[in-house]
Amino acid sequence: MSAPRLSADRERCIGAGMCAMTAPDVFDQDPDDGLVLLLHTEPPAAHRAAARMAVGVCPSGAIAFHEPEPGGS
Amino acid sequence: MSDSLHTVTALPTERRTGCPFDPPAELLDARRHGPLSGFTHPGGKPGWLITGYDMVRSVLADPRFSSRKDLMNVVDFQLPPAPPGEFLLMDEPEHSRYRKPLVGKFTVRRMRMLTERIEQITADCLDAMEAAGPSADLVTAFAKPIPTIVICEILGVPYADRASFQEQIDTFMGGEVSDEELIAAYTATQEYLAQLVAAKRAHPTDDVLSELTDSDLTDEELRGISLILLAAGFDTTANMLSLGTFALLQNPDQLAALRADPALTDGAVEELLRYLSVAKTFHRTALEDVELDGHTIKAGTTVVLSYNTANRDPDRFADPHTLDLGRQATGHLAFSHGIHQCLGQQLARVEMRVAFRALIDRFPTLRLAVPAAEVRLRPETADIFGVKSLPVTWDAK
């Protein structure tokens, strides 16, 4: 069974830091430009709820969760 | 879709007596009718008022709605474009050109690294307050100086200039002066910032403004950016600290819970942000016809977004008019949403976490020195809501 995958769009990111604050084990901010850095593309189960919340509060829609295809491997 | 359209003819000018923390009754009433109300701007132009959380949030995230000052259709004359650098009133790509160079300087990590310095600034303020006690105006002793010193240090405003600078900003953000005074304070601030930018370019120091002189931004643009950062950095956090303390003192069970459990602090700050939403009203203008809740927002029409009413939306926050420091308030709109969401929000959070904690730890018997009804509030017309002064007292040790 595959885990949900995260993606981050640095073009859309405005560097508000909501993701790094909400799910610090999954997201960080680039120390130079402040934009999103993905620490885990497939966050471990323990961090998924926080990652999901971060996706929900991202002000610019720069991060997304992609659920595995039903029946996919 | 709503059955019939509720209409609000003007933004209310007062809060209900005894409810200094709640949006005016007319706005809460509008929300009860639905997320969208008809509205007339002060210049007589037709518009819309949005008070529902989901709709405010979706408009803020929608690129069909503009932040441009020169498109704002609220008065019967054409507003000028935002001055260079004032990116809050711009759309892409101009907005990003200004915001991008700043983002790396206000990250979660960089702001947390300031914690120790902010603790020191706070301790100095509390020392002075305690020495002059056992009573104080919390606004002048605590709420204003902490964010003032912090943002001045970040931007590199010399210490000697800070008092006069704070006064100018107070004048043009306080909402209670004549147009002449307002223009004079604004002009003085612009002149001061022009000098400051020139000084940083000639002799860079270790601060954000000096770092920015190393970019392709012009002096005029840097002046505009500095104005936004300073005005936003002073007034918002200062009013959150003073109005937030007032709210805590009026909710003694919540204050006791916060005092007893430092782990509540971060969540308490989010809840105070939601509950108070001192930056309460913003505008957006439709760039094309947009359908909202079965109504057409015509291209060129300006909508008023009531953040503080949206943050009291019962469909988003259960029991919204109760201050509940233990609730999950994340997702509130106090810092806005969309591409203009507050650049300095992580700084504001660190300041509030440090300052509220230090205040309640230092003064276990802190209380109002006047009846709550006598606390003087800012007028509802001020851009940022708050108290003018907050007389407090405590039992001397």
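These lines cover the structure that appears in this document, whether it is placed above or below. (Residues numbered from 1 in each chain as written. Chains lettered and ligands numbered in written order. Predicted model: local features only at pLDDT ≥ 70, side-chain atom pairs only at ≥ 80, totals over all residues.)

Remarks on the overall build of chain B
Counting secondary structure elements, chain B contains 15 helices and 11 strands. For 397 residues, the compact-globule formula gives about 21 Å, and the C-alpha radius of gyration of chain B, at 21 Å, lands near that figure. Dimensions along the principal axes, computed over C-alpha positions, put chain B at roughly 60 × 55 × 40 Å. Out of the 397 residues in chain B, the part that is buried amounts to 46%. Across chain B, every contact between residues at least 6 apart in sequence was considered, and the portion connecting residues at least 24 apart equals 71%. (Helix = DSSP H or I, 4+ residues; strand = E, 2+ residues; numbered from the N terminus. Rg over C-alpha atoms; globule rule 2.2 N^0.38 Å. Buried ≥ 20, exposed ≤ 12 C-beta atoms within 10 Å, placed from the backbone. Contact = placed C-beta atoms within 7 Å.)

Brief notes about the overall build of chain A
Looking only at helices and strands, chain A has 2 helices and 4 strands in total. Put simply, chain A runs from its N terminus to its C terminus through helices and strands in the order β-α-β-β-α-β. Against the compact-globule benchmark of 11 Å for 73 residues, chain A has a radius of gyration of 12 Å, which places it among compact chains. Reported as C-alpha extents along the three principal axes, the dimensions of chain A are approximately 40 × 25 × 20 Å. Here chain A holds 73 residues, and the buried ones make up 37% of them. Pairs at least 24 apart in sequence give 62% of the contacts found in chain A among residues at least 6 apart.

Quick look at the interface of chain B and chain A
When the parts of a complex come together, some accessible area is lost, and that lost area is often used as the size of the interface. The interface is formed by 16 residues belonging to chain B together with 19 residues belonging to chain A. For the side of chain B that touches chain A, the per-class residue count stands at 5 nonpolar, 9 polar and 2 charged. (Nonpolar A, V, L, I, M, F, W, Y, C, P; charged D, E, K, R; others polar.)

A short note on the pairing of strand β3 (residues 46-50) of chain B
Look at any regular strand and the pattern is simple: side chains alternate between the two faces of the sheet. Residues and elements named next belong to chain B. By the criterion of burial, β3 is predominantly enclosed, with 4 of the 5 residues buried. Note that strand β2 (residues 36-40) and β3 share 5 bridges and pair antiparallel. Considered in β3, the bridge of Ser37 is made with Leu49. With 3 bridges joining them, β3 and strand β9 (residues 302-306) adopt parallel strand pairing. The residue of β9 that forms the bridge with Ile50 is Leu305. (Pairing = 2+ DSSP bridges.)

Some thoughts on unusual backbone geometry
Residue and element names in this part refer to chain B. With an omega of 0°, the peptide bond running from Glu92 to Pro93 counts as cis. Relative to the helices and strands, Pro93 is located in the loop between β4 (65-66) and α3 (94-103). Look at the link from Gly133 to Pro134: it is a cis peptide, with omega at 15°. If you trace the backbone, Pro134 turns up in the loop between α5 (115-132) and β5 (135-137). At Asp319, a position not held by glycine, the phi torsion is positive, near 50°. Assignment of secondary structure puts Asp319 in the loop between α14 (307-310) and α15 (345-362). Given 9 C-beta atoms within 10 Å, Asp319 falls into the exposed group.

Topic: helix α1 (residues 25-33) of chain B
Residue and element names in this part refer to chain B. Along α1, the residues classified as buried are Leu27, Leu28, Ala30 and Arg31. Taken around the axis of α1, the buried residues stretch over an arc of 155°, which confines them to a single face. Remark: Gly34 follows α1 within two positions and exhibits a positive phi of approximately 155°. (Arc of directions from axis to C-beta.)

Side note on the sheet that holds strand β10 (residues 367-368) of chain B
Residue and element names in this part refer to chain B. What the 3 strands build is an open sheet, ordered β5-β11-β10; its pairing is antiparallel. The strands lining the two open edges of the sheet, one partner per strand, are β5 and β10. Examined bridge by bridge, β5 and strand β11 (residues 391-393) share 3 bridges and lie antiparallel to one another. Counted as the bridge partner of Ala136 is Val392 from β11.

As for the sheet that holds strand β1 (residues 7-8) of chain B
Residues and elements named next belong to chain B. With mixed pairing, the 6 strands of this open sheet are ordered in space as β1-β2-β3-β9-β6-β4. Of all the strands in the sheet, the pair left with one neighbour each is β1 and β4. Note that strand β6 (residues 281-286) and β9 share 5 bridges and pair antiparallel. Following the sheet pairing, Thr281 is matched in β9 by Ser306.

Some words on the packing of helix α9 (residues 179-202) of chain B against helix α11 (residues 219-249) of chain B
Residues and elements named next belong to chain B. Close contact between α9 and α11 brings their axes to 9 Å; oriented N to C, the two are set at 120°. Classified by the angle their axes make, α9 and α11 are oblique. Remark: the crossing between α9 and α11 carries right-handed chirality. Facing α9, whose interface residues are Thr189, Gln190, Leu193, Ala194, Leu196, Val197, Ala198 and Arg201, α11 presents Asp219, Leu222, Arg223, Ser226 and Leu227. Taken together, the residues of the contact of α9 with α11 sort by class into 7 nonpolar, 3 polar and 3 charged. (Axes fitted to C-alpha atoms, helices over the stretch in contact; angles between N-to-C directions. Parallel < 35°, antiparallel > 145°, perpendicular 65-115°, else oblique. Left-handed = near helix turned anticlockwise from the far one by under 90°.)

Let's talk about the packing of α11(B) against helix α13 (residues 265-276) of chain B
Residue and element names in this part refer to chain B. At a minimum axis separation of 10 Å, α11 and α13 run at an interaxial angle of 95°. With respect to α13, the axis of α11 lies roughly perpendicular. Each of Met240, Leu243, Gly244 and Ala247 in α11 lies in contact with α13, whose residues at this interface are Leu272, Leu273, Tyr275 and Leu276. In the contact of α11 with α13, the residues fall into 7 nonpolar, 1 polar and no charged.

Notes on the nonpolar core
Across soluble globular proteins, you tend to see nonpolar side chains buried next to one another. Core analysis: the biggest nonpolar cluster contains 129 residues, and A:Cys19, A:Ala54, B:Ile50, B:Val56, B:Phe142 and B:Leu155 have the highest contact counts within it. Per-element accounting of this core gives the leading share, 14 residues, to α11(B). Those residues in contact with B:Leu155, other than ones at most four positions away along the chain, are B:Asp207, B:Val208, B:Leu209, B:Ser226, B:Leu229 and B:Leu230. (Core = buried A, V, L, I, M, F, W, Y, C linked by C-beta atoms within 7 Å.)

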